[in-house]
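Chain by chain, the residues run as shown.
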Amino acid sequence: ALWLSSLAMSCVLVVLVVLSRGSPGPLEFDTAPAFTALYLLVILIFSSVGALIAARRPENTIGWIFSFTGLATVTGISAQLYGDQALFDQPGSLPGGELAVWISSWLVPVGLIVSPTFLLFLFPSGRPASARWRVVVIALTCLLVVGVVSEMLKPGRVEPTTFRVDNPVALSGEAGQLMKRVSVVFDASAIPAFLLGVTTLVTRFRRSRGEERLQFK
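Bear in mind that the values here come from a model prediction, so they are computed numbers and not experimental data.

**Concerning the overall build of the protein**
Inference 1: The number of helices and strands found in the protein is 8 helices and 0 strands.
Inference 2: The proportion of buried residues among the 217 residues of the protein is 40%.
Inference 3: A separation threshold of at least 6 residues defines the contact pool for the protein, and within that pool the share at least 24 residues apart is 67%.

**Topic: the pattern of salt bridges**
Inference 1: This structure, assessed with the given rule, holds 3 salt bridges.
Inference 2: Lys 154 serves as the salt-bridge partner of Glu 151, at 3.4 Å between the closest nitrogen and oxygen.
Inference 3: Judged by its relative accessible area of 17%, Glu 151 is buried.
Inference 4: A residue is classified by how much of its surface remains accessible, and Lys 154, at 22% relative accessible area, is partly exposed.
Inference 5: For Asp 166, the salt bridge identified is with Arg 157, shortest N-O distance 3.1 Å.

**Observations regarding the confidence of the model for the protein**
Inference 1: The pLDDT averaged across the protein works out to 83; a share of 90% of its residues lies at or above 70.
Inference 2: Of all helices and strands in the protein, the one with the weakest mean pLDDT is helix α8 (residues 210-216) (56), whereas helix α6 (residues 173-188) scores best (91).

**Some words on the side chain of Thr 73**
Inference 1: Turning to its location among the elements, Thr 73 is positioned in helix α3 (residues 61-89).
Inference 2: Overall, Thr 73 belongs to the buried group, its relative accessible area being 3%.
Inference 3: Discounting residues that sit within four places of it in the chain, Thr 73 has contacts with Tyr 39, Ile 43, Gly 111 and Leu 112.

**Observations concerning the packing of aromatic side chains**
For any pair of aromatic rings, the description rests on two quantities: the centre-to-centre distance and the angle between the ring planes.
Inference 1: Considering all chains together, one arrives at 4 aromatic pairs under this definition.
Inference 2: Measuring from centroid to centroid gives 5.7 Å for Trp 102 and Trp 106, while their planes differ by 70 degrees, and the two rings are edge-to-face. Separated by 4 residues within a single helix, Trp 102 and Trp 106 lie in helix α4 (residues 97-122), roughly one turn from each other. As far as the burial class goes, Trp 102 and Trp 106 line up, both buried.

**Side note on helix α5 (residues 131-153)**
At 3.6 residues per turn, the α-helix brings residues three or four places apart onto the same side.
Inference 1: Taking 1.5 Å of rise per residue, the 23 residues of α5 would be expected to cover 33 Å, and the 33 Å separating its terminal C-alpha atoms lies within 8% of that figure.
Inference 2: All of the buried residues along α5 are Trp 133, Val 137, Leu 140, Leu 144, Gly 147, Val 148, Ser 150 and Glu 151.
Inference 3: Buried-residue contacts for α5 involve α4, α6 and α7 (190-207).

**Considerations on the nonpolar core**
Grouped burial of nonpolar side chains is what soluble globular proteins tend to show.
Inference 1: Membership of the largest hydrophobic core comes to 25 residues, with the highest contact counts inside it found for Val 114, Phe 118, Phe 121, Leu 122 and Leu 144.
Inference 2: Elements with a minimum of two residues in this core: α3, α4 and α5.
Inference 3: Examining the composition of this core, we find that 10 residues originate from one element, α4, more than from any other.
Inference 4: Not counting chain neighbours up to four residues away, the residues in contact with Val 114 comprise Pro 109, Leu 144 and Phe 186.
Inference 5: Membership of the second largest hydrophobic core comes to 9 residues, among which are Leu 16, Val 17, Leu 40 and Leu 81.

Thresholds, definitions, all that
Residues numbered from 1 in each chain as written. Predicted model: local features only at pLDDT ≥ 70, side-chain atom pairs only at ≥ 80, totals over all residues. Heavy atoms only, no water. Helix = DSSP H or I, 4+ residues; strand = E, 2+ residues; numbered from the N terminus. Buried < 20%, exposed > 50% of the residue type's maximum accessible area, 1.4 Å probe, protein only. Contact = heavy atoms within 4.5 Å. Salt bridge = Lys/Arg side-chain N within 4 Å of Asp/Glu carboxyl O. pLDDT = per-residue confidence, 0-100. Phe/Tyr/Trp six-rings, centres within 6.5 Å; stacked < 30°, edge-to-face > 60°. Expected span 1.5 Å × (residues − 1). Core = buried A, V, L, I, M, F, W, Y, C linked by side-chain atoms within 4.5 Å.

Structural data, given as structure tokens:
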């Protein structure tokens, strides 16, 4: 189902790229066909590999993460392109332009950064390397959930700021300021989390034996 959804959204993305040709909006997918094709290729590879793993080993979360990464990324980029159409190419003719840009502002990072980071901690078996790393993964999961929620609800311009769209669902007052502070911590944790994931992957490879070592290959 996730693979079919990714394929369908990939077709939607292609249609939106074609429609955006000559658009005065900030996106330039139509002027960089090679870049767009590369994006689609990576998305389809992630989705296809994920579907294959999930079909053969449904208990292995790696397959589901691959599938989700592809779907989240293509949906987020499609939402950006829709926002470009609704706000710049045909302003007022399409509904939900600002909401589409807001969705893309947190869905694209989830697909491009959050999901791949989890792969580092869980590859290749779909489980943490040890009980200690399981605690790290749980803590990271909590941080990421809170961080993504803060990105969704913090006041101010949403990314990419070139759209000049203020968050349509932002919290106000002290709650909004709290979301801003949490968002700063979340953004600052991205590189340390990635480096920690690389560390666990390297450590796991060095200690792997038997079937797990074969999975690395």
